[in-house]
Amino acid sequence: MSQQNDKTRRGILKAGLVAVGGAAAAGAAHAAGAGVQHFAQDKIAPAAVQYVDKTKNPAQRCDNCVNWEAPAGCKIVSGKIAPEGWCIAWAPKSG
Ligand code: SF4
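So, here is what we can say about the structure in this document.

About the cut-offs
Residues numbered from 1 in each chain as written. Predicted model: local features only at pLDDT ≥ 70, side-chain atom pairs only at ≥ 80, totals over all residues. Heavy atoms only, no water. Helix = DSSP H or I, 4+ residues; strand = E, 2+ residues; numbered from the N terminus. Buried < 20%, exposed > 50% of the residue type's maximum accessible area, 1.4 Å probe, protein only. Contact = heavy atoms within 4.5 Å. 1 Å grid on protein atoms, 1.4 Å probe; cavity = no way out; pocket = protein on both sides within 12 Å on 5 of 7 lines; lining within 4 Å. Points joined across faces, edges and corners; volume = space filled by probe spheres on them. Nonpolar A, V, L, I, M, F, W, Y, C, P; charged D, E, K, R; others polar. Near = heavy atom within 4 Å. Sits in = over half its atoms within 2 Å of the grid points.

**Things to note about the side chain of Asn67**
Working step 1: Along the chain, the position of Asn67 falls in the loop between helix 1 (3-32) and strand 1 (68-69).
Working step 2: The exposure class assigned to Asn67 is buried, which follows from its relative accessible area of 14%.
Working step 3: Dropping the residues within four chain positions of it, Asn67 is found in contact with Gly73, Cys74, Lys75, Ile76 and Ala89.

**Looking at empty space enclosed by the protein**
Working step 1: Taken as a whole and judged by the stated rule, the model has one cavity of 30 Å³ or more.
Working step 2: What the largest cavity holds in volume is close to 110 Å³.
Working step 3: In this structure, the largest cavity is lined by 14 residues; those nearest its centre are Cys62, Cys65, Cys74, Val77 and Cys87.
Working step 4: Taken together, the residues that form the lining of the largest cavity break down as 12 nonpolar, two polar and no charged.

**A closer look at the site of the ligand**
Working step 1: Around the ligand, the neighbouring residues are Tyr51, Cys62, Cys65, Asn67, Trp68, Cys74, Ile76, Val77, Cys87, Ala89 and Trp90.
Working step 2: A molecule is said to occupy a pocket when more than half its atoms come within 2 Å of that pocket's grid points, and by this definition the ligand occupies the largest cavity.
Working step 3: Classifying every residue of the shell around the ligand by side-chain character gives 10 nonpolar, one polar and no charged.

Structure below.
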């Protein structure tokens with residue numbers, strides 16, 4: 001194979017990698033801009049459910065919500081969740 005052909009092949013390979021990289025970046029930007037903000041685990045952003053880390057109503061706290069995951073998590077809301085927190089998705093634990 002001549003040097004000229006080798007250079008051309010490298011150029012084509014490089015162009016292909018740039019195109020693939022660009023598509024991946026465009027996909028990430030699309031996901032970040034989609035409607036309600038979701039995080040990697042597909043949970044809801046705290047702001048989208050008006051999460052507060054201190055409830056105003058002691059009867060409705062994260063640690064007595066059906067979605068609570070001890071010690072500091074939630075099944076549907078992303079990030080660190082305080083046991084005494086609250087959000088509009090609060091629902092009582094059954095039983
Ligand atoms: S109130 Fe329930 S749904 Fe809302 S953040 Fe707390 S545990 Fe999650």
